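# Chains, contacts and geometry: an overview
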Amino acid sequence: MTELTAGDLGSSVPRRGTRFSRWLGRRLLAALGLRITGQMPNFPKMMVIGAPHTSNWDGVMAIGMALALSIDVRVVAKQAVFRWPFARLLRWMGVIGIDRNAAGGVVGELTQLYQQSDQLYLCMSPEGTRAGAETWKTGFHRIACAAEIPVLVLVFDWGRGRIDVADWFQPSDDVEADLDRIMSNYHGVQPRNPRRLSKPIRQLAERPPAPVVDRAA
């Protein structure tokens, strides 16, 4: 697999960081025995999803990736956590506060945020929990469809020691077909904590891999 570095990113990708933060991210990933592989598409706005999420170390992995590549990736949290003395730190870290009771709900609020932004990479965990989710949440898909942005699929593979930028595509109205495409990237993945692997990924071992999808499609 081709290793991905900050120099490989296109001009449309939102950037954030310095030479020191890139060095820090690389050192962090090296300490964890990880590298970044794959190819990053050159889009100004994307919905980024990552799995499997079985440990707090997955978050450390994601932070290391963002630092090493100097990518400005945002995550969401309840507006209630934005209180002194943490509010300023959370904003600096790229955390976006959302009001779950707002008109249109989380999907409506984040769709509007995408529409108002020139550049935005928002990272979400479709599993929603580290404790072996029975199903995946599809809010990320509804947001991506409403905002008309691509979905980027990251694979957190601790066994192979890599974060793989595995796939990207424009979501369709057929959510089941899109989920099948996403899942096709997780055959053989080795999570940090196998006992907490979500059911949809566990079930992949019971069926053959799907045909390779042309990314240009």
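Residues numbered from 1 in each chain as written. Predicted model: local features only at pLDDT ≥ 70, side-chain atom pairs only at ≥ 80, totals over all residues. Heavy atoms only, no water.

## Description of the packing of aromatic side chains
Rule in force here: Classification of ring pairs uses Phe, Tyr and Trp, with its six-membered ring standing for Trp, and accepts pairs whose centres are within 6.5 Å; under 30 degrees between planes counts as stacked, over 60 as edge-to-face, and the remaining range as tilted. Put simply, DSSP H or I for four residues or longer makes a helix, DSSP E for two residues or longer makes a strand, and each gets a number counted from the N terminus. In this scheme, a residue with accessible area under 20% of its type's maximum is buried, one over 50% is exposed, and one in between is partly exposed, where area comes from a 1.4 Å probe on protein chains only. Note on geometry: a ring has a charge over it if NZ (lysine) or CZ (arginine) is within 6 Å of the ring centre and within 35 degrees of the ring normal.
Per the counting criterion, the structure on display carries two aromatic pairs. With a centroid separation of 5.9 Å and an interplanar angle of 75°, the aromatic rings of Trp136 and Tyr186 are classed as edge-to-face. Of the two residues, Trp136 sits in the loop between strand 5 (120-124) and helix 5 (139-147) while Tyr186 sits in the loop between helix 6 (175-183) and helix 7 (199-202), which places them 50 residues apart along the sequence. For Tyr186, a relative accessible area of 1% translates into the label buried. One residue, Arg192, lies across the ring of Trp158, its end atom 4.6 Å from the ring centre.

## With respect to the packing of helix 1 (residues 19-31) against helix 2 (residues 57-69)
Put simply, the rule reads: Every axis in this analysis is a line fitted to C-alpha atoms, fitted for helices over the stretch in contact. Angles between the N-to-C directions lie between 0 and 180 degrees. In this scheme, a crossing is called left-handed if the near helix is turned counterclockwise away from the far one by less than a right angle; it is called right-handed if the turn is clockwise. Residues are treated as being in contact if the distance between any of their heavy atoms lies within 4.5 Å. Under this grouping Gly is polar, as are all residues other than the nonpolar Ala, Val, Leu, Ile, Met, Phe, Trp, Tyr, Cys and Pro and the charged Asp, Glu, Lys and Arg.
Where helix 1 meets helix 2, the closest approach of the two axes is 7 Å, and the angle between their N-to-C directions is 145°. Note that helix 1 runs across helix 2; the crossing there is left-handed. Mapping the contact onto sequence places Ser21, Arg22, Leu24, Gly25, Arg26, Leu28 and Leu29 in helix 1 and Val60, Met61, Gly64, Met65, Leu67 and Ala68 in helix 2. A class-by-class count of the residues in the contact of helix 1 with helix 2 yields eight nonpolar, three polar and two charged.

## As for unusual backbone geometry
Note the cis peptide between Ala51 and Pro52, where omega equals -5°. Within the secondary structure, Pro52 sits in the loop between strand 2 (45-51) and helix 2. With a phi close to 55°, Ser70 is a non-glycine residue in the positive phi region. Examined against the element boundaries, Ser70 turns out to sit in the loop between helix 2 and strand 3 (73-78). By relative accessible area, which is 2% here, Ser70 ends up buried. With phi around 60°, Glu148 is a residue other than glycine that occupies positive phi space.

## A look at the nonpolar core
Formally: Definition of nonpolar core: a set of buried residues of the types Ala, Val, Leu, Ile, Met, Phe, Trp, Tyr and Cys, connected through side-chain atoms within 4.5 Å.
One finds Met47, Tyr114, Phe140, Val151, Ile182, Tyr186 and Ile201 to be the most contacted residues of the largest nonpolar core, which totals 28 residues. Mapped by element, the contributors of at least two residues to this core are strand 2, helix 4 (105-116), strand 5, helix 5, strand 6 (151-157), strand 7 (162-169) and helix 6. Of all the elements, helix 5 adds the most residues to this core, at four residues. Not counting chain neighbours up to four residues away, the residues in contact with Met47 comprise Tyr114, Leu122, Met124, Phe140, Ile143, Ala144, Ile149, Pro150, Val151 and Leu152.

## Digging into helix 2
Under the convention used in this document: What a helix is expected to span follows from its residue count: subtract one and scale by 1.5 Å.
Counted at 1.5 Å a residue, the expected span for helix 2 with its 13 residues is 18 Å, and the 18 Å between its end C-alpha atoms agrees. If you follow the buried residues of helix 2, they end up packed against helix 1, strand 1 (35-38), strand 6 and strand 7. Where helix 2 terminates, the next one or two residues include Ser70, which has phi positive at roughly 55°.

## Points about the pairing of strand 5
Rule in force here: When DSSP finds at least two bridges between two strands, those strands are taken to pair.
Of all five residues in strand 5, four are buried, a share of seventy percent or more. Here strand 2 runs beside strand 5; their pairing, made up of five bridges, is parallel. Bridge assignment links Val48 to a residue of strand 5, and that residue is Cys123.

So far we have only geometry, and geometry alone does not tell us how the molecule works.
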